[in-house]
Amino acid sequence: MADTVPKLILGSGSPRRRDLLATIGVVADAVRPPEIDETPMKSELPRPYCTRMAREKVEAVNADPDDIVLCADTTVALGRRIMGKPGNAGEAAEFLMAMSGRRHKVITAVAVKSGTKVWERDVVTTVKMKRLSNEELNGYLATGDWRGKAGGYGIQGPAGALIPWIKGSFTAVVGLPLAETAGLLQAVGYPLWQAS
């Protein structure tokens, strides 16, 4: 019985996170996005907010004691301001114009739970967005790619044309820092890099 691989539960509805895991040969046995309140606390800073979200998500996922639960949160921060998922195209435009021609931070926190223990990492990447023309802004908004994405953009989609430079982890900006996630999974005994 000791040779059985623990079940991996991905606590995220993000297809990007599933795709990233698949690139390192990890396929979750179940996908259970948790329902939590993602409202930032009064004057909460972006990095502590992001790590709190990942921790609350991993604690909210229904799992057996032997299961491994993996959750993540990606937060876009302009200075101390948390740029969440825009509610509409107008809010997405406001976020994008605020970041236009400036650097911002993308924080992705990962939490892995096994039994009662939680392992966590967070990764901060600096991203530069080019100065957006009206044509670029409206063209990007028209793609609809901003929907459901922190800060109103996804670097792996059409918005990649708006990002000339990053310093840090590309996969963290997409939604899951692979090197750190792989390390956490190995720490809890999930068999990476092994032939099945």
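Below is a short write-up of the structure. (Residues numbered from 1 in each chain as written. Predicted model: local features only at pLDDT ≥ 70, side-chain atom pairs only at ≥ 80, totals over all residues. Heavy atoms only, no water.)

**Digging into the nonpolar core**
Part 1: Among the nonpolar cores identified, the biggest contains 43 residues, and Val 26, Leu 96, Met 99, Met 129 and Tyr 153 are the most heavily contacted of them.
Part 2: Listed by contribution, the elements that provide at least two residues to this core are β1 (8-10), α1 (15-23), β3 (68-78), α3 (89-99), β5 (103-114), α4 (134-143), α5 (170-174) and α6 (178-187).
Part 3: Residues contacting Leu 96, with those up to four places away along its chain left out, are Met 129, Leu 132, Leu 137, Tyr 140, Leu 141, Gly 151, Gly 152 and Tyr 153.
Part 4: One finds Cys 71, Ala 77, Ile 107 and Ala 109 within the second-largest nonpolar core, a separate group that totals 12 residues. (Core = buried A, V, L, I, M, F, W, Y, C linked by side-chain atoms within 4.5 Å. Buried < 20%, exposed > 50% of the residue type's maximum accessible area, 1.4 Å probe, protein only. Helix = DSSP H or I, 4+ residues; strand = E, 2+ residues; numbered from the N terminus. Contact = heavy atoms within 4.5 Å.)

**Re the side chain of Asp 73**
Part 1: The topology assignment puts Asp 73 in strand β3.
Part 2: A polar side-chain atom of Asp 73 sits 3.1 Å from a polar atom in the side chain of Lys 57.
Part 3: In terms of polar contacts, Asp 73 uses its side chain to reach the side chain of Thr 75, at 2.9 Å.
Part 4: Excluding its chain neighbours within four sequence positions, the residues that come into contact with Asp 73 are Arg 17, Glu 38, Tyr 49, Cys 50, Met 53, Ala 54, Lys 57, Ile 107, Thr 108 and Ala 109. (Polar contact = N/O pair within 3.5 Å; in protein donor to acceptor, adjacent residues only side chain to side chain.)

**Notes on the pattern of salt bridges**
Part 1: Applying the stated criterion to the full structure yields 9 salt bridges.
Part 2: For Glu 56, the salt bridge is made with Arg 52, and the minimal N-O distance between the two is 2.9 Å. Of this pair, Glu 56 and Arg 52 both sit in helix α2 (residues 46-60), separated by 4 residues, roughly a single helical turn.
Part 3: Classification of Arg 52 as buried rests on a relative accessible area of 12%.
Part 4: Among the ionic pairs, Glu 120 bridges to Arg 55, the shortest N-O distance being 3.0 Å. Taken together, the positions of Glu 120 in strand β6 (residues 117-128) and Arg 55 in helix α2 put the pair 65 residues apart, joining distant regions of the chain.
Part 5: Overall, Glu 120 belongs to the partly exposed group, its relative accessible area being 35%.
Part 6: You can call Arg 55 partly exposed: its relative accessible area is 35%.
Part 7: Salt bridges sharing partners connect three or more residues here, namely Glu 44, Arg 52 and Glu 56. (Salt bridge = Lys/Arg side-chain N within 4 Å of Asp/Glu carboxyl O.)

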